[in-house]
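Examination of the molecular architecture
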Amino acid sequence: SWPAMTDSYNALENLEQEAQALQIVRLDFKENRVVVDEDNLKIILDNLKLTKADAVSIVAIMGTYRTGKSFLLDLLMRYLKRWEASEHIATKKRERQAQAFKQAEFDAKIHEGKSEEEARAAGHKAAEEAVRDMKDIPFPLPRNERWTMKGGTFPPPSWVHSSSSASSQSNGLERESAGLADGGSGFEWRGGMEKCTEGIWLWSRPYLLPYEGRKVGVLLMDTQGAWDAQMTKEQTATIFGLTALLASKFICNVQNMLSDDKVDAIDYFTTFAQAACSGMSSDEAPFGNLDFLIRDWPWYEKGWGYDQCKEQSTQHLQKMLNSGVAGRKETAERLKEVFRTVSCFGLPHPGLGVLEPSFQGEFSEIGSDFFQLLDEFTRSFFDPKSFPKPSSPLGAEVTPSTFENVLKNFVEAFRGTGSAAVQLREAFVKVEVFKTRDLLLEQFKSRLKQIAPESRPLDPDAIEDEGSRVMEEFLRNFENKLRSFKLPDENQQVAEFKDSIFQMLSKRQSDNSEELNSAQMKLLASPAVGAGVFFMTGHPVIDSCIAGLVLWIQTKKRMAELKKDSIDLEVITALCSDLQKFAKNRIRDCQAMMIAA
């Protein structure tokens, strides 16, 4: 709903000032193992819950040491920030227009006695006036069709300057930033040769975006530079594996061109990933979208447009995957089987200024061709038709509530010293079990609401009989699904599932019993109370006066709460809600007393 979306956006804006990159996974080189940072993970989980998102989508980047991964993520972050700000303002405008329309229509009908058509016209006029001071944040803007490679200098796309909150942008208070170091923080990066990212990092502030009618929290992930002197082939595969598993969009950042060693390094992981996934049920590839992003691509010709540049990048990928190198055909098949899509895009060199140790992200030092093609890449990479599709390794969709379990299970898969394929398969099985359990628990909760609705009290024996029958049905269903996994701790899993559904049923029984006990007390007290009321009033005029007095007091209370000087649509709506709630409670009392009697 609009108010819920607005509340989520406002909560995220409050996080903006404290947002930072947090390391959630690090490599312990002494003991050769991966470790989760529990404190940082908790911050990420708490922030995800603030979004009230339905699912989580992770955008990750990995690649060669010192090839500008963190620098690129900072730019992508600005694109997401502008997109979210556009959605935020559009949502806030719709909400404000709806409220203004209802109030103006009500006043025109009730206070001014206007016709239905005149009242609607007044509503539309008020809705238009209500958002007159709210500045739109258009997104995305049309691409620069005048651009051609080496054909002139153009300003950076407008989203590059996005470093302020949605409110600041809408109120026209945003100051156009001159560089990445101006107006906001981001992933740590620096010019020169010294690296600054180790392990796996997440930006602490999620971005809330719509996807197919749902709210999705987007997290940005940065990783330690692969293939550097510190990391062995196995450690690189560990970081690559965790990143590829968690990401819905995975950028493999490479320098100059695709090469056999980079493709073989990726294949090192996909080989045992394929073995781990064999025979396991999933309607789609186990991992997300793999995008090879080639940095400092030097082969675009002068005068080429966007489509010609993209075509050359695609041909480069196909040439590499279809080469005559031994085993390359099998590698290509594995990539297509393991990832949903595999694509390639080349970015030209951003300019010699970025190589200087003193470079602070000044846009004036970055080449125009780099910015124009980066804009084209982001449009394709963040296409609303396919993004933000939730991360769902092996079909197990990641949500704010399951993110912790999914991450820790996959980290555990890379901790041991046994076969990587076997460990990864076990992690997949655990994720599948979690998915199955959570789905059945949701179904049980829904079924329980059908047989024992919270809207009315019920006969305790009916709840016991029907609840026990449904509980046994779901328990058998869970046991049947677990048998296919052949788990060593199957009995423990069944016991935990049984305990979960038993607690749900017991809670409903306890609430029902408490309501019936209360009804018994009311049943005993009602003759005395009824007689007292009758002798105190006993006259319809007096009863009407008392009812009017109660209504007047409640009206004044609501006006004070809503800070209103007179009765309007909002006050009347609140009073109607109070009356409805009062009527429902009295009906529930009668139903409970009938059962208790």
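Not measured: the values here are computed from a predicted model. Per chain, residues are indexed from 1 in the order of the written sequence. With pLDDT at 70 or above as the cut-off, local features in this predicted model cover only qualifying residues; side-chain atom pairs require 80 or more to be listed or tallied, and sums for whole chains, interfaces and linings still use all residues. Here the side-chain values reflect all heavy atoms present in the structure, with hydrogen atoms and water set aside.

Looking at the overall build of the chain
Formally: Strands are runs of DSSP state E lasting at least 2 residues, helices are runs of H or I lasting at least 4, and numbering of each runs from the N terminus. Burial here depends on accessible area, computed with a 1.4 Å probe over protein chains only, as a share of the maximum for the residue type. Under 20% is buried, over 50% is exposed, and the range in between is partly exposed. Any pair of residues with heavy atoms lying within 4.5 Å of one another is described as a contacting pair. Here the accessible surface of atoms and residues is derived via Shrake-Rupley with a 1.4 Å probe, and residues count as covered only by protein chains that are part of the display.
Of the regular secondary structure elements, the chain holds 16 helices and 9 strands. Put simply, the chain has 597 residues, and 47% of those count as buried. When contacts within the chain are restricted to residue pairs at least 6 apart in sequence, those whose partners lie at least 24 apart make up 78%. Just so you have it, the chain exposes about 29,900 Å², and 53% of that area is on carbon and sulfur atoms.

Considerations on the nonpolar core
Where we set the bar: Side-chain atoms within 4.5 Å are what join buried Ala, Val, Leu, Ile, Met, Phe, Trp, Tyr and Cys residues into a set we call a nonpolar core.
Ranked by internal contacts, the top residues of the largest apolar core, which has 96 residues, are Leu80, Phe250, Phe339, Leu373, Leu374, Phe382 and Phe403. Top contributing element to this core by residue count: helix 3 (residues 69-110), with 9 residues. Each residue touching Leu80, except ones within four places of it in the same chain, is listed here: Tyr207, Leu209, Val218, Leu220, Phe382 and Phe387. By size, the runner-up hydrophobic cluster in this structure holds 20 residues, among which are Ala452, Leu458, Leu487 and Ile501.

Brief notes about the pattern of salt bridges
As a reminder of what qualifies: Salt bridges are counted wherever a side-chain nitrogen of Lys or Arg sits within 4 Å of a carboxyl oxygen of Asp or Glu.
The final tally for this structure, using the stated rule, is 24 salt bridges. Between Asp438 and Arg437 there is a salt bridge, with its nearest N and O atoms 3.5 Å apart. Put simply, Lys445 and Glu442 hold a salt bridge, and the shortest N to O gap is 3.7 Å. With Lys445 and Glu442 both in helix 12 (residues 420-451), this residue pair falls 3 residues apart, about one helical turn. Owing to a relative accessible area of 35%, Lys445 belongs among the partly exposed residues under this scheme. Several salt bridges share partner residues, and in doing so they unite Arg143, Glu145, Asp307, Lys310 and Glu376 into one network.

Considering the packing of aromatic side chains
Quick reminder of the rule: Each Phe, Tyr or Trp ring (for Trp, its six-membered ring) is paired with any other whose centre lies within 6.5 Å, and the angle between the two planes then decides the class: stacked below 30 degrees, edge-to-face above 60, tilted in between. Ring-over charges, as used throughout, are those where CZ of Arg or NZ of Lys falls within 6 Å of the ring centre and within 35 degrees of the ring normal.
Here the structure, examined in full by the defined rule, presents 16 aromatic pairs. For the ring pair Phe478 and Phe497, a centre distance of 4.3 Å and an interplane angle of 15 degrees mean the geometry is stacked. Taken together, the residues Phe478 in helix 13 (residues 460-483) and Phe497 in helix 14 (residues 490-536) connect sequence positions 19 residues apart. For Phe478, a relative accessible area of 0% puts it in the buried group. The class for Phe497 is buried, based on a relative accessible area of 0%. Cluster of aromatic residues (ring-pair linked, three or more members): Tyr79, Trp83, Phe139, Trp159, Phe345, Phe377, Phe381, Phe382 and Phe387. Against the face of Phe381 rests Lys249, its NZ or CZ located 4.7 Å from the ring centre.

Looking at a negative patch on the surface
What counts, and what does not: A patch is a set of surface residues, each over 30% in relative accessible area and not in a salt bridge, joined within 9 Å for like charges and within 5 Å for the nonpolar side chains Val, Leu, Ile, Met, Phe, Trp and Tyr. By the counting scheme adopted, Arg and Lys are positive, Glu and Asp are negative, and His together with the chain ends is not counted. A single reference atom marks each charge: NZ on Lys, CZ on Arg, CG on Asp, CD on Glu.
Taken together, the side chains of Asp459, Asp461, Glu464 and Asp465 present a region of like negative charge at the surface. For Glu464, the position within the fold is in helix 13.

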